[in-house]
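Here is how the chains run, residue by residue.
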Amino acid sequence: MMEEEELEFVEELEAVLQLTPDVQLAIEQVFPSQDPLDRADFNAVEYINTLFPTEQSLANIDEVVNKIRLKIRRLDDNIRTVVRGQTNVGQDGRQALEEAQKAIQQLFGKIKDIKDKAEKSEQMVKEITRDIKQLDHAKRHLTTSITTLNHLHMLAGGVDSLEAMTRRRQYGEVANLLQGVMNVLEHFHRYMGIPQIRQLSERVKAAQTELGQQILADFEEAFPSQGTKRPGGPSNVLRDACLIANILDPRIKQEIIKKFIKQHLSEYLVLFQENQDVAWLDKIDRRYAWIKRQLVDYEEKYGRMFPREWYMAERIAVEFCHITRTELAKIMRTRAKEIEVKLLLFAIQRTTNFEGFLAKRFSGCTLTDGTLKKPESPPASTNPFLEDEAAPEMEELAMEKGDSEQPKKPKAPDNPFHGIVSKCFEPHLYVYIESQDKNLGELIDRFVADFKAQGPPKPSMDEGGAVLPSCADLFVYYKKCMVQCSQLSTGEPMIALTTIFQKYLQEYAWKILSGNLPKTTSSSGGLTISSLLKEKEGSEVAKFTLEELCLICSILSTAEYCLATTQQLEEKLKEKVDVSLIERINLSGEMDTFSTVISSSIQLLVQDLDAACDPALTAMSKMQWQNVEHVGDQSPYVTSVILHIKQNVPIIRDNLASTRKYFTQFCIKFANSFIPKFITHLFKCKPISMVGAEQVRNW
């Protein structure tokens, strides 16, 4: 019974001592131990088996038991000491808590005392500074009042003086006084509710209105609309009046400028009326000579009257340009049938020269949004197609007037006046485009006639294929036309000119290049292109002559030059035309045409050499190779093939020295054509003996 009770007690004790894994892990971290007795999963049986692994080890059982008892006693002593030490802990804790509470109460009392003292100090400071703030406010208000009274005194006196000076037309004194009065009046915007201030403001506005009307009347008297000027010329009164106009409503200044310019250009409208002979394009120089004289006259008589920042001279020139553009557009619409290309180019050249003159003299700062904007500088180009882009061509095509004036470059990148007058010619540029169409048609016809008259180019011992001279002439003329047209307009006329370029590039490719490729006939002892594709068995095939080979190479080199130059022409046209029209510039079709001419030329050379070798290959296939008894020198067909190759290839190589890539293409295409044909004829050599086979491969 005792043993059972002990077992139950042990089980109950183990149940009580069973700790959670987290608590057990914390204990192991705080009190690390290697003793098996301290492990949570301690097993007594395993522990005893560890102490007594064998029966012989039981001899030491007494010693082991004594050690365990000693350890138990030590544990009991430690437990007893700890328990006794914990008896006084509760009493000490309560005592410490009471002391802490007393300290907190003392601290709270001190904090309250400090807060009360701070509030008293703040109240004391407010009482001390209250009087100082009142003094500061009083001083600020007093200063403002004194300043306002001074301004009021100045304003009242200034208004009286302003009205008196206005009546006496003392514009010099009024200019300075008016600006001061307006500056002083700005300080009274907050006081407009005061009747006296509002009355003074109204008197100032009335004085400004009276000054504006008086100044306009003075200018009308000095420069009446009929065009007569005051005999004494501009006066100091008007010069001072302009200074006042700068201060008044901007509409006064604009009205003065408008009336003066209108009066200054009234004579121009009379002299160059539409029904006058001098108004037509052939006398357009007189328009620009007239305005130049007027500008000189203005500088001499009125240069000091108007303020510099009014830019009156430039305004006169700009208004002249607007009037001229309108008048020229009107007269050209009326007399459109009389416009010839030389007359049109002459007028445009003189006009662009005048626009260049304006750009050198004026800055263009008066140009408004309604006029042409300053063009952007074009990006630097590395295209060699148009080097040294001067414009002497326009002068060459202009009317012969005996004028030795050198044309100025009309479209400078920094010319804000470009097109301000010359824009009116753009609707009539179809005359120029039609003229270029006609000229290019005549040029192509002349090229065809010259080729027929001079014949194909003569063989030359110099390396490099000869490019036809007409090719360079064509693109030089293209260059001249493009430069001229870009100086006239960068809009739709450039697109129309591009269409003409495309038309005559195609005609040049077909009429001059492709149309002159040799097409041998029986009378000349040659073959047609279609006959080159057929085998001529049993007969000797005629070959191209040396002159015909040189002509084919020359046409190939010319087409290659045209292909590269057409690409450069397209790039340059895109640089010249407006950005919105770039997509409409496309010469890829013309470049494809020249590529076709190149391919046709190479194919002709290949077919000629290939056809020349056909009789030899035919002879090879008809030989009785089974009757050959011994191997000798190379066969006759081999000698014939080598002879033809040695005759043609060096000539073609020398004439295509400048276009090596196309000579390489010729060689590759000939090899691709000859080798399959040779193999085909080789299979026809049946039957054939072993000796015959040795002779066949003897090259």
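Residues numbered from 1 in each chain as written. Predicted model: local features only at pLDDT ≥ 70, side-chain atom pairs only at ≥ 80, totals over all residues. Heavy atoms only, no water.

Per an unreviewed UniProt entry, the recorded name for the protein chain is VPS53 subunit of GARP complex, and the organism is Sus scrofa.

A look at the overall build of the protein chain
Put simply, the test is: Counting from the N terminus, the helices are DSSP H or I runs at least four residues long and the strands are E runs at least two residues long. Here the term buried applies to any residue with accessible area under 20% of the maximum for its type, exposed to any over 50%, and partly exposed to those in between, with areas from a 1.4 Å probe on protein chains only. We call two residues in contact when some of their heavy atoms are within 4.5 Å. Every accessible area reported is derived by Shrake-Rupley at a probe size of 1.4 Å, with residue values counting cover from the shown protein chains alone.
What the protein chain contains, in helices and strands, is 21 helices and 0 strands. Residues classed as buried in the protein chain amount to 37% of the 699 residues present. Relative to all contacts within the protein chain whose residues are 6 or more apart in sequence, the contacts with residues 24 or more apart total 83%. Summed over all atoms, the accessible surface of the protein chain reaches about 42,100 Å², with 55% contributed by carbon and sulfur.

Digging into the nonpolar core
Where we set the bar: The nonpolar core is taken to be a set of buried Ala, Val, Leu, Ile, Met, Phe, Trp, Tyr and Cys residues, with the residues joined through side-chain atoms within 4.5 Å.
Counting residues in each nonpolar core, the largest one holds 140 residues, and the members touching the most others are Phe219, Phe306, Phe425 and Tyr508. If you tally residues by element for this core, the top one is helix H18 (residues 588–622), at 13 residues. In this view, tyrosine 508 contacts Ile444, Phe447, Leu468, Ser470, Cys471, Leu474, Leu513, Thr558, Cys562 and Phe594; residues no more than four positions away in its chain are not counted.

Some words on the packing of aromatic side chains
The following threshold applies: We call Phe, Tyr and Trp rings a pair once their centres come within 6.5 Å, taking the six-membered ring for Trp, and we label the pair stacked below 30 degrees between planes, edge-to-face above 60, and tilted otherwise. Lysine NZ or arginine CZ positioned within 6 Å of the ring centre and within 35 degrees of the ring normal marks a charge as sitting over the ring.
By the definition in use, this model includes 19 aromatic pairs. On the basis of an interplanar angle of 35° and a centroid distance of 5.8 Å, the ring pair of phenylalanine 306 and tryptophan 310 is categorised as tilted. When sorted by exposure, phenylalanine 306 lands in the same class as tryptophan 310, which is buried. For the ring pair phenylalanine 670 and phenylalanine 674, a centre distance of 5.5 Å and an interplane angle of 20° mean the geometry is stacked. With a gap of 4 residues between them, phenylalanine 670 and phenylalanine 674 both fall in helix H20 (residues 660–683), about one helical turn apart. An aromatic cluster of at least three residues, connected via ring pairs, comprises Tyr268, Phe272, Tyr288, Trp290, Phe320, Phe354 and Phe357. Lysine 292 extends its terminal NZ or CZ atom over the ring of phenylalanine 357, reaching a point 4.9 Å from the ring centre.

Concerning the environment of phenylalanine 320
Position of phenylalanine 320 among the secondary structure elements: in helix H11 (residues 312–334). Between the C-alpha atoms of phenylalanine 320 and tyrosine 268, which are 52 residues apart in sequence, the distance is 8.6 Å. Discounting chain neighbours no more than four positions away, the residues touching phenylalanine 320 are Leu265, Tyr268, Arg287, Tyr288, Trp290, Ile291 and Phe354.

A look at the state of the cysteines
Heads up, the rule is: In plain terms, two cysteine sulfur atoms within 2.5 Å form what is called a disulfide here.
Applying the stated rule across the entire model yields 0 disulfides. You can see cysteine 481 has no disulfide; the closest cysteine sulfur is in cysteine 485, sitting 8.7 Å from it.

Focus: the packing of helix H16 (residues 492–513) against helix H17 (residues 546–576)
Note the threshold: For helices, the axis comes from a line fit to the C-alpha atoms of the stretch in contact; other axes are also lines fit to C-alpha atoms, and the angle between any two N-to-C directions lies between 0 and 180 degrees. Roughly parallel means an angle under 35 degrees; roughly antiparallel, over 145; roughly perpendicular, 65 to 115; everything else is oblique. Residues are grouped as follows: nonpolar covers Ala, Val, Leu, Ile, Met, Phe, Trp, Tyr, Cys and Pro; charged covers Asp, Glu, Lys and Arg; every other residue, Gly included, is treated as polar.
For the pair H16 and H17, interaxial distance at closest approach is 12 Å and the crossing angle is 175°. Between H16 and H17, the angle is such that the two are roughly antiparallel. Along the contact surface, H16 presents Met494, Thr498, Phe501, Leu505, Tyr508 and Leu513, while H17 presents Ile555, Thr558, Ala559, Cys562, Thr566, Leu569, Leu573 and Lys576. Of the residues that constitute the contact of H16 with H17, the class distribution is 10 nonpolar, 3 polar and 1 charged.

With respect to empty space enclosed by the protein
Note the following rule: Think of a 1 Å grid over the protein atoms and nothing else: a 1.4 Å probe that fits but is trapped marks a cavity, an open set flanked by protein within 12 Å on at least five of seven lines marks a pocket, and residues with an atom within 4 Å of a point count as lining. Grid points are joined across faces, edges and corners, and a volume is the space filled by probe spheres set on the points.
Taken as a whole and judged by the stated rule, the model has 2 cavities of 30 Å³ or more. Of the pockets and cavities examined, the largest cavity occupies roughly 70 Å³. When residues of the lining of the largest cavity are traced back to their parent elements, those giving at least two are helix H7 (195–222) and helix H9 (250–271). The leading source of residues in the lining of the largest cavity is H9, at 5 residues. Looking at the lining of the largest cavity residue by residue, the classes come out as 5 nonpolar, 1 polar and 3 charged.

Examining the side chain of serine 470
Spelled out, the test is: A 3.5 Å cut-off defines polar contacts: any pair of N or O atoms within that distance qualifies, except that in protein one atom must be a possible hydrogen donor and the other a possible acceptor, and neighbouring residues in sequence count only when both atoms are side-chain atoms.
Examined against the element boundaries, serine 470 turns out to sit in helix H15 (residues 469–488). At a separation of 2.8 Å, a polar atom in the side chain of serine 470 contacts the side chain of tyrosine 508. Filtering out sequence-adjacent residues up to four positions away, serine 470 remains in contact with Phe447, Tyr508 and Ile512.

Examining the pattern of salt bridges
Heads up, the rule is: What counts as a salt bridge is simple: a side-chain nitrogen of Lys or Arg found within 4 Å of a carboxyl oxygen of Asp or Glu.
If you walk through the whole model with that rule in mind, you get 18 salt bridges. Between arginine 350 and aspartate 285 there is a salt bridge, with the nearest N and O atoms lying 3.0 Å from each other. Remark: aspartate 285 occurs in helix H10 (residues 284–302) and arginine 350 occurs in helix H12 (residues 341–361); sequence separation between them is 65 residues. On the basis of relative accessibility, which here comes to 4%, the residue arginine 350 falls in the buried class.

Focus: the confidence of the model for the protein chain
Applicable threshold: A score from 0 to 100, pLDDT tells how confident the predictor is in each residue.
When pLDDT is averaged along the protein chain, the result is 76, and 76% of the positions lie at 70 or above. With pLDDT under 50 throughout, residues 460–464 is counted as low confidence; its partners more than four residues away or in other chains account for 7 contacts.

Points about the packing of helix H19 (residues 636–655) against H20
The criterion, for reference: In this scheme the handedness of a crossing depends on how the near helix is turned from the far one: anticlockwise by less than a right angle means left-handed, clockwise means right-handed.
Packing of H19 against H20 leaves a shortest axis separation of 11 Å and a crossing angle of 165°. Classified by the angle between their axes, H19 and H20 sit roughly antiparallel to one another. As H19 packs across H20, the resulting crossing turns out to be right-handed. Of the residues in H20, those in contact with Tyr637, Val641, Ile645, Val649, Ile652 and Arg653 of H19 are Arg660, Phe663, Phe666, Phe670, Phe674 and Phe678. Of the residues assigned to the contact of H19 with H20, the class counts are 10 nonpolar, no polar and 2 charged.

Some points on a nonpolar patch on the surface
Our working definition: Patch membership is restricted to residues that have no salt bridge and whose relative accessible area is over 30%. Joining uses 9 Å for like charges and 5 Å for the nonpolar side chains Val, Leu, Ile, Met, Phe, Trp and Tyr.
A grouping of Val23, Ile27, Val30 and Phe31 is seen on the molecular surface, where their side chains present a nonpolar patch of about 380 Å² in accessible area. Inspection of the secondary structure puts phenylalanine 31 in the loop between helix H2 (21–30) and helix H3 (44–51). Residue phenylalanine 31 is classed as exposed on the basis of its relative accessible area of 62%.

So, H9
What counts here: Multiplying 1.5 Å by the helix residue count minus one yields the expected span of that helix. The angle separating two fitted axes, one through the seven residues that finish at a residue and one through the seven that start at it, defines the bend at that residue.
Its 22 residues give H9 an end-to-end C-alpha distance of 33 Å, which sits within 8% of 32 Å, the value for a rise of 1.5 Å per residue. At leucine 265, H9 is deflected by roughly 40°, the largest bend along its length. All buried positions along H9 are accounted for by Ile252, Ile256, Ile257, Phe260, Ile261, Gln263, His264, Leu265 and Tyr268. Each element contacted by the buried residues of H9 is listed here: H7, helix H8 (236–247), H10 and H11.

Observations regarding unusual backbone geometry
Of note in this structure, tyrosine 311 is not a glycine but carries a positive phi near 50°. Classification of tyrosine 311 as partly exposed rests on a relative accessible area of 39%.

Overview of the environment of lysine 283
Looking at where lysine 283 falls in the secondary structure, it is placed in the loop between H9 and H10. Residue lysine 283 is classed as partly exposed on the basis of its relative accessible area of 25%. For the pair lysine 283 and alanine 347, spaced 64 residues apart in sequence, the C-alpha to C-alpha distance is 8.5 Å. The contact partners of lysine 283, leaving out residues within four places of it in the chain, are Asp277 and Val278.

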